[in-house]
Amino acid sequence: MASNMDREMILADFQACTGIENIDEAITLLEQNNWDLVAAINGVIPQENGILQSEYGGETLQGPAYGPTSHPTASSSTPSSSSAFRHVVPSRQIVERQPRMLDFRVEYRDRNVDVVLEDSCTVGEIKHILENELQIPVSKMLLKGWKTGDIDDSTVLKTLHLPKNNSLYVLTPDLPPPSSSNSGALQESLNQNFMLIITHREVQREYNLNFSGSSTIQEVKRNVYDLTSIPVRHQLWEGWPPSATDDSMTLAASGLTYPCHRLTVGRRSSPAQTREQSEEQCTDVHMVSDSDGDDFEDATEFGVDDGEMFGMASSALRKSPMMPENAENEGDALLQFTAEFSSRYGDCHPVYFIGSLEAAFQEAFYGKARDRKLLAIYLHHDESVLTNVFCSQMLCAESIVSYLSQNFITWAWDMTKEANRARFLTMCTRHFGSVVAQTIRTQKTDQFPLFLIIMGKRSSNEVLNVIQGNTTVDELMMRLMAAMEIFSAQQQEDIKDEDEREARENVKREQDEAYRISLEADRAKREAQEREQAEQFRLEQIRKEQEEEREAIRLSLEQALPPEPKKESTESVSKLRIRTPSGEFFERRFLASSKLQVVFDFVASKGYPWGEFKLLGTFPRRDVTQLDPNKSLLEVKLYPQETLFLEAKE
């Protein structure tokens, strides 16, 4: 696997050889070929006769051969450059070339058309396909977005050395924009973002600026002043639609081509000359800004420099501040920052975290290891000339927005006001240390905006990178990806440590749970034994009490019995013989005049209560306990003797 430095060299050589400027596309193609430079170039550039030799692998592969003038970038490289290729003499062997398919995504206003063609086709064939799809005559159609100039309908695609996937857009300057017949369509246009491709005529430099449909033409001109230093009153424009006659008009209502529109701006030498040119070329689509011009036309006569005057005017005409000064609540300040950022640069921007910096730390660093992210802190400064370009072209680029959304928590702060600047430096000192705070403190205004990449560690927060505003989309993406590589390595270690810690904690929890269950079982067993013992003791107590009660009753009955008559008694005596359920017998003499109740009491005194046992006679068999206990033994015919049986009641 190539190191980071080797990858940067490979990426630079790959872009130099293929002419692919989009860094995301270049990295994707290299990763598909495992960072094999030769294989990646051979996959992009059409295979023609020749041999391409790699110094990385020491092998010779079929591929395109470049002469000293065959590639502009290769010819300009110095002998000390770290190029991974050397030119060789073309081989005599001719390699038969297979047709190569190219994919084109073509944008026109609110439509996208996908076109797939062989690279042997011409640009005119693409236009004919678009003519059928878009119902636009070829003669009215301008196909833009090519990487190179001097392209006409007869140009063969393979001569352009295009990558497999390409993006183009169609302009129709001779056709009027579609009219919006209702307020709903106009409102939709106000919410759309327009890409203005503005060419600075004098320096031949292009600026790609994003503006919302609700922005005005005047706001565009003021932003262009920040970029080109051409005061609004000295700007000479080409490319505005005929309907764009008022600088207060919104872009949605001005008739601009959606989503992209090309404009050209230059400096007019003097007002008189500009008026002459305007009169001579009144039929062209030229619009010279008259905003702020009449009031300050003779400002130079009073010794006021244009740059100073319009610098102050630009500051005075700015929108509301990004963030209120001395904001007490950071969440409310971030809400205003997000709303103002959207109004200036459109809705395609990073999702800013709403809350304090400490809350952003908590969200990014202190969750589970798999859910952690890097923290990106965007430091805005309205007075920097780089701010508008950085925000519109880099921070709002779809690739940057998508990458930040997936891998970062993005927090923002406005450094324009001194009070807000001092407050952030205090937070910076507390969280990152005095070195980082001093680094930010020494940054000049023109070096803003800044982008800080923060990685959370176990004991501290580490600043991986401080990105200044004078960068490009590709460089910004590379530095974000480099920070992500460092973070990914640390995250894998944290995930491993966290998994091991959770495994140990799970084992401990399982052991604690098993021990708890064992204690619960022991306690339940002990409580059951105690309950059983208590129940046995209670039953034993009840039994003893019952026995004591019965014994007391028996003794009382025994003591209450009349004395047994003697054999020599002159009174009539009845002799009763009673058999117990166990087969034992006991006898006693009773006076014949004694009541039957006396017999019952005697039996009860022997332990056989009347309520539990019945007394049965033999001949005839009868239940004596059913007789009237107040009758005498003589009356119930238990005289002179009788044998009775005791039987337990059911």
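If you're wondering where the values come from, they're calculated on a predicted model, not measured in any experiment. Each chain carries its own residue numbering, running from 1 in the direction its sequence is written. With the structure being a predicted model, the display of local features is reserved for residues of pLDDT at least 70 and the display and counting of side-chain atom pairs for 80 or more, all residues being used for whole-chain, interface and lining totals. By convention in this description, side-chain values take in all heavy atoms of the structure and omit both hydrogens and water.

Only runs of H or I of at least four residues qualify as helices and only runs of E of at least two qualify as strands under DSSP, and these elements are numbered from the N terminus. Within the protein chain, the regular secondary structure consists of 17 helices and 21 strands. For the protein chain, long-range pairs separated by at least 24 residues make up 64% of all intrachain contacts whose partners lie at least 6 apart in sequence. Residue exposure ignores everything except the shown protein chains as possible cover, and the areas themselves are Shrake-Rupley values with a 1.4 Å probe. Accessible area for the protein chain stands at about 36,000 Å²; split by element, carbon and sulfur atoms hold 49% of it. Throughout, a contact is declared for two residues whenever any of their heavy atoms are within 4.5 Å.

We define a salt bridge as a contact between a side-chain nitrogen of Lys or Arg and a carboxyl oxygen of Asp or Glu at a distance within 4 Å. Scanning the entire structure with this criterion turns up 30 salt bridges. In this structure, Arg 430 and Glu 358 form a salt bridge, with 2.8 Å as the shortest nitrogen-oxygen distance. In this pair, Arg 430 sits in helix H14 (residues 418–432) while Glu 358 sits in helix H11 (residues 357–365), placing the two residues 72 residues apart along the sequence. Between Glu 513 and Arg 516 there is a salt bridge whose closest N-O contact spans 2.4 Å.

Two strands are counted as paired when DSSP detects at least two bridges linking them. Within the open sheet, the five strands sit side by side as S18-S17-S21-S19-S20. Their pairing is mixed. Either end of the sheet is taken by a strand with one partner, and the two such strands are strand S18 (585–591) and strand S20 (622–623). Judged from the five bridges that link them, strand S17 (residues 573–579) and strand S21 (residues 641–648) form a sheet pairing that is parallel. In the sheet register, Arg 577 faces S21, and the bridge partner there is Thr 643. Between the N-to-C directions of two axes lies an angle of 0 to 180 degrees, each axis being a line fitted to C-alpha atoms and, for a helix, fitted only over the stretch in contact. Those strands touched by helix H17 (residues 596–605) are S17, S18, strand S19 (613–617) and S21, and its axis lies near 150° from that of S18.

Right, let's get into the nonpolar core. Buried together is how nonpolar side chains tend to be arranged in soluble globular proteins. Here, nonpolar core means buried Ala, Val, Leu, Ile, Met, Phe, Trp, Tyr and Cys residues that are tied together by side-chain atoms lying within 4.5 Å of each other. Using a 1.4 Å probe on the protein chains alone, a residue whose accessible area is under 20% of its type maximum counts as buried, one over 50% counts as exposed, and one in between counts as partly exposed. With 93 residues, the main nonpolar core has Leu 375 and Trp 411 as its most contacted residues. In contact with Leu 375, not counting residues within four places along its chain, are Leu 357, Ala 360, Phe 361, Ala 364, Phe 365, Phe 408, Ile 409, Trp 411, Leu 452, Ile 453 and Ile 454. Counting 21 residues, the second largest nonpolar core, distinct from the first, contains Tyr 108, Ile 126, Leu 160 and Leu 162.

Turning next to the sheet that holds strand S16 (residues 461–467). With mixed pairing, four strands are arranged side by side in an open sheet as S14-S13-S15-S16. Of all the strands in the sheet, the pair left with one neighbour each is strand S14 (408–414) and S16. Mean inter-strand twist for the sheet, computed between neighbouring axes without regard to direction, equals 25°. Where strand S13 (residues 374–380) and strand S15 (residues 450–456) come together, five bridges link them in antiparallel fashion. Counted as the bridge partner of Ile 377 is Leu 452 from S15.

The subject of this paragraph is the environment of Leu 425. Along the chain, the position of Leu 425 falls in helix H14. Beyond its immediate chain neighbours, meaning those up to four positions away, Leu 425 contacts Ala 437, Ile 440 and Arg 441.

Any aromatic ring pair is given by two values, namely how distant the centres are and how the planes are angled relative to each other. Aromatic rings from Phe, Tyr and Trp, with only the six-membered ring used for Trp, were paired whenever their centres fell within 6.5 Å, and each pair was classed as stacked if the ring planes differed by under 30 degrees, edge-to-face if by over 60, and tilted otherwise. Evaluation of the coordinates by the stated rule reveals 22 aromatic pairs. Between the aromatic rings of Tyr 378 and Phe 390, the centroid separation amounts to 6.1 Å while the plane-to-plane angle is 5°, which identifies the pairing as stacked. Here Tyr 378, found in strand S13, pairs with Phe 390, found in helix H12 (residues 387–395); they are twelve residues apart in sequence, far enough to count as distant. A residue is classified by how much of its surface remains accessible, and Phe 390, at 0% relative accessible area, is buried. Positioned over the ring face of Phe 585 is Arg 577, at 3.9 Å from the centre of the ring. By the criterion adopted, a ring carries a charge over it if an Arg CZ or a Lys NZ lies within 6 Å of its centre and within 35 degrees of its normal.

Topologically, Arg 421 is positioned in helix H14. The residues contacting Arg 421, other than those within four sequence positions of it, are Met 415, Ile 440, Arg 441, Gln 443 and Phe 448.

What follows deals with the packing of helix H13 (residues 398–407) against helix H16 (residues 473–560). At a minimum axis separation of 10 Å, H13 and H16 run at an interaxial angle of 15°. Our classification of the angle between H13 and H16 gives roughly parallel. Remark: the crossing between H13 and H16 carries left-handed chirality. For the pair H13 and H16, the contacting residues are Ser 399, Ile 400, Tyr 403, Leu 404 and Asn 407 in the first and Val 473, Leu 476, Met 477, Leu 480, Met 481 and Met 484 in the second. Amino acids are sorted into nonpolar (Ala, Val, Leu, Ile, Met, Phe, Trp, Tyr, Cys and Pro), charged (Asp, Glu, Lys and Arg) and polar (every other residue, Gly among them). Of the residues belonging to the contact of H13 with H16, the class tally is nine nonpolar, two polar and no charged. For this classification, under 35 degrees means roughly parallel, over 145 means roughly antiparallel, 65 to 115 means roughly perpendicular, and everything else is oblique. By convention the crossing between two helices is left-handed if the near helix lies anticlockwise of the far one by an angle smaller than a right angle, and right-handed if it lies clockwise.

This prediction gives the protein chain a mean pLDDT of 79; 81% of its residues lie at or above 70. pLDDT is a per-residue confidence score from the predictor, ranging from 0 to 100. Across residues 47–97, confidence stays below pLDDT 50; counting only partners more than four residues off in sequence or on other chains, it has 81 contacts. A low-confidence stretch, residues 271–318 (pLDDT under 50), is modelled with 66 contacts involving residues beyond four sequence positions or located in other chains.

Our focus in this paragraph is the environment of Gly 346. Inspection of the secondary structure puts Gly 346 in the loop between helix H10 (330–345) and H11. Residue classification places Gly 346 among the buried positions, given a relative accessible area of 1%. Considered as a pair, Gly 346 and Asn 193 are 153 residues apart in the sequence and their alpha carbons are 6.1 Å apart. For Gly 346, the residues in contact, after removing those within four places along its chain, are Asn 193, Ser 212 and Phe 341.

In this section: unusual backbone geometry. With omega at 5°, the peptide bond leading from Tyr 258 into Pro 259 counts as cis. Counting through the fold element by element, Pro 259 comes out in the loop between strand S10 (235–238) and strand S11 (260–267). Looking along the chain, the bond that leaves Phe 448 and enters Pro 449 is cis, with omega of 0°. Along the polypeptide, Pro 449 turns up in the loop between helix H15 (434–441) and S15. Phi angles above zero are rare outside glycine, and Asn 34 is one such case at about 55°. Here Asn 34 is to be found in the loop between helix H2 (23–32) and helix H3 (37–44). For Asn 34, a relative accessible area of 58% puts it in the exposed group. With phi around 60°, Trp 35 is a residue other than glycine that occupies positive phi space.

H12 sits mainly inside the fold: eight of its nine residues count as buried. By the burial criterion, the buried members of H12 are Thr 387, Asn 388, Val 389, Phe 390, Cys 391, Ser 392, Met 394 and Leu 395.

Relative to the helices and strands, Thr 122 is located in the loop between strand S5 (111–118) and helix H5 (123–134). For Thr 122, a relative accessible area of 19% gives the class buried. Discounting residues that sit within four places of it in the chain, Thr 122 has contacts with Asp 153, Ser 154, Thr 155, Val 156 and Leu 157.

Moving on to the packing of H2 against H16. One can describe the packing of H2 onto H16 by two numbers: an axis separation of 9 Å at closest approach and a directional angle of 50°. Viewed along their axes, H2 and H16 adopt a mutual orientation that is oblique. Within the contact between the two elements, H2 uses Ile 23, Asp 24 and Ile 27 and H16 uses Asp 474, Met 477, Met 478 and Met 481. The residue makeup of the contact of H2 with H16, split by class, is five nonpolar, no polar and two charged.

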